[in-house]
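# Overview (structure and organization)
As a plain string of letters, each chain reads:
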Amino acid sequence: MTADDSYGRIDDEDYPAYTIGRAAEMLGTTQGFLRAIGEARLVTPLRSAGGHRRYSRYQLRIAARARELVDQGTPIEAACRIIILEDQLEEAQRINAEYRRAAERPDPSAMPGTGESSEAS
């Protein structure tokens with residue numbers, strides 16, 4: 001990827017732009033912390049061609065949430081699990097809301113004049 005290619009991705013929150021060192025610096029944490037949340041599968045950084053971890057802004061937000069929990073005394077494994085469960089709950093609530101909206105829509109086949117005739121043939 002050339003420098004010109006990366007300019008178009010500058011606003012892409014999923015673009016893996018940050019090295020582990022820079023990510024740790026931005027979060028005010030250690031590289032070991034980032035490795036630990038990677039081992040817990042909270043975030044899976046992409047790897048550069050040389051095998052170096054690269055983090056996106058989205059992943060840094062997740063890591064920052066984990067750090068908040070750890071700073072409050074939550075063990076790192078538990079913090080990771082909490083965040084994963086929160087994410088799963090949010091997704092389930094989103095899906096439920098979609099189902100509710102679909103259920104509230106009138107069924108076009110149940111409307112008078114759009115379904116089959118009720119007269120016997």
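A brief report on the enclosed structure follows. This one's a predicted model, so the numbers in the text were calculated from it and none came from an experiment.

## Some details on the nonpolar core
Among soluble globular proteins, nonpolar side chains are generally buried collectively. Counting 18 residues, the largest nonpolar core has Leu34, Ile37, Leu42, Val43, Tyr55, Ala66 and Ile83 as the members making the most contacts within it. Going through the elements one at a time, helix H2 (20-27), helix H3 (31-39), helix H4 (57-71) and helix H5 (76-104) are the ones with two or more residues in this core. Counting residues per element, this core draws most heavily on H4, at 5 residues. Ile83 has contacts with Leu42, Ile62, Arg65, Ala66 and Leu69, leaving out every residue within four places of it along the chain.

## Points about H3
Buried within H3 we find Phe33, Leu34 and Ile37. Down the axis of H3, the buried set is contained in an arc of 100°. They therefore lie on one face. A positive backbone phi angle near 65° is found at Arg41, which sits one or two residues after H3.

## Section: the pattern of salt bridges
Going through the model one piece at a time under the given rule, you end up with 7 salt bridges. In this structure, Glu68 and Arg65 form a salt bridge, with 3.5 Å as the shortest nitrogen-oxygen distance. Of this pair, Glu68 and Arg65 both sit in helix H4, separated by 3 residues, roughly a single helical turn. Where salt bridges share partners, they join Arg65, Glu68 and Glu86 into one cluster.

Quick notes on the rules
- Residues numbered from 1 in each chain as written.
- Predicted model: local features only at pLDDT ≥ 70, side-chain atom pairs only at ≥ 80, totals over all residues.
- Heavy atoms only, no water.
- Core = buried A, V, L, I, M, F, W, Y, C linked by side-chain atoms within 4.5 Å.
- Buried < 20%, exposed > 50% of the residue type's maximum accessible area, 1.4 Å probe, protein only.
- Helix = DSSP H or I, 4+ residues; strand = E, 2+ residues; numbered from the N terminus.
- Contact = heavy atoms within 4.5 Å.
- Arc of directions from axis to C-beta.
- Salt bridge = Lys/Arg side-chain N within 4 Å of Asp/Glu carboxyl O.

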